[in-house]
Amino acid sequence: MTIRTYIGLGSNLGDSKHILAEAVLKLSSLGTVQVSKLYQSPPMGPQDQPHYLNAVVQLDTELSPLDLLDQLQQFEKDAGRIRLRHWGERTLDLDLLIYGQEQIHNERLTVPHVGVLERDFVVIPLLDLDDHLQINGHSLRDLELLQQANLTVIADQSWANA
């Protein structure tokens, strides 16, 4: 059975646009994908690092949540991801944001992703893909954080095909 999932993408090391486009290509091997616009945002954690490029991919897949998580972590590893510090710089960050309507809480995975409703660099790209999306009964388009968003659009949805 095909499940609609949403994957958050982020990068602030190396050629981030190319790294994210490669990640979209890899994600397309797991099912049908659509991409949000590409955004630039300041880092959420330590401020002594470059700004991030962020996007969200809608992925329709038959993979189970943990199999999908394993694939995302492998793609991060393939891109040279090293975890130096909490909320630190990274070549590629892939977060499983939403997995259908499921609520998942285990030692490896929490879905919907923790903090998704407080992160403009996640909410705005999600709205690019589905402006009626709701998480835990909250309509994303009604969230207050949209009034104070700190994102810059870098490219429209065609960025991943370039």
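Let us look at the structure shown here. This is a predicted model, so every value here is computed, not measured. (Residues numbered from 1 in each chain as written. Predicted model: local features only at pLDDT ≥ 70, side-chain atom pairs only at ≥ 80, totals over all residues. Heavy atoms only, no water.)

### Digging into helix 2 (residues 65-78)
Note that an α-helix has 3.6 residues per turn; residues three or four places apart therefore point the same way.
Reasoning step 1: Compared with an ideal rise of 1.5 Å per residue, which puts 14 residues at 20 Å, helix 2 spans 20 Å between its outermost C-alpha atoms and is within 8% of the ideal.
Reasoning step 2: Of all the residues in helix 2, the buried ones are Pro65, Leu68, Leu69, Leu72, Phe75 and Glu76. Down the axis of helix 2, the smallest arc covering the buried residues is 120°, so these residues share one side.
Reasoning step 3: Contacts made by the buried residues of helix 2 are with strand 1 (3-11), helix 1 (16-28), strand 4 (52-61), strand 5 (93-99) and strand 6 (104-105).
Reasoning step 4: Positive backbone phi, at 85°, marks glycine 80, one or two positions downstream of helix 2. (Helix = DSSP H or I, 4+ residues; strand = E, 2+ residues; numbered from the N terminus. Expected span 1.5 Å × (residues − 1). Buried < 20%, exposed > 50% of the residue type's maximum accessible area, 1.4 Å probe, protein only. Arc of directions from axis to C-beta. Contact = heavy atoms within 4.5 Å.)

### Side note on the side chain of serine 41
Reasoning step 1: Of note, serine 41 is situated in strand 3 (residues 38-41).
Reasoning step 2: Separated by 2.6 Å, the side chains of serine 41 and asparagine 54 make a polar contact.
Reasoning step 3: If sequence neighbours within four positions are ignored, serine 41 has contacts with His51, Tyr52, Asn54, Phe121, Asn150 and Leu151. (Polar contact = N/O pair within 3.5 Å; in protein donor to acceptor, adjacent residues only side chain to side chain.)

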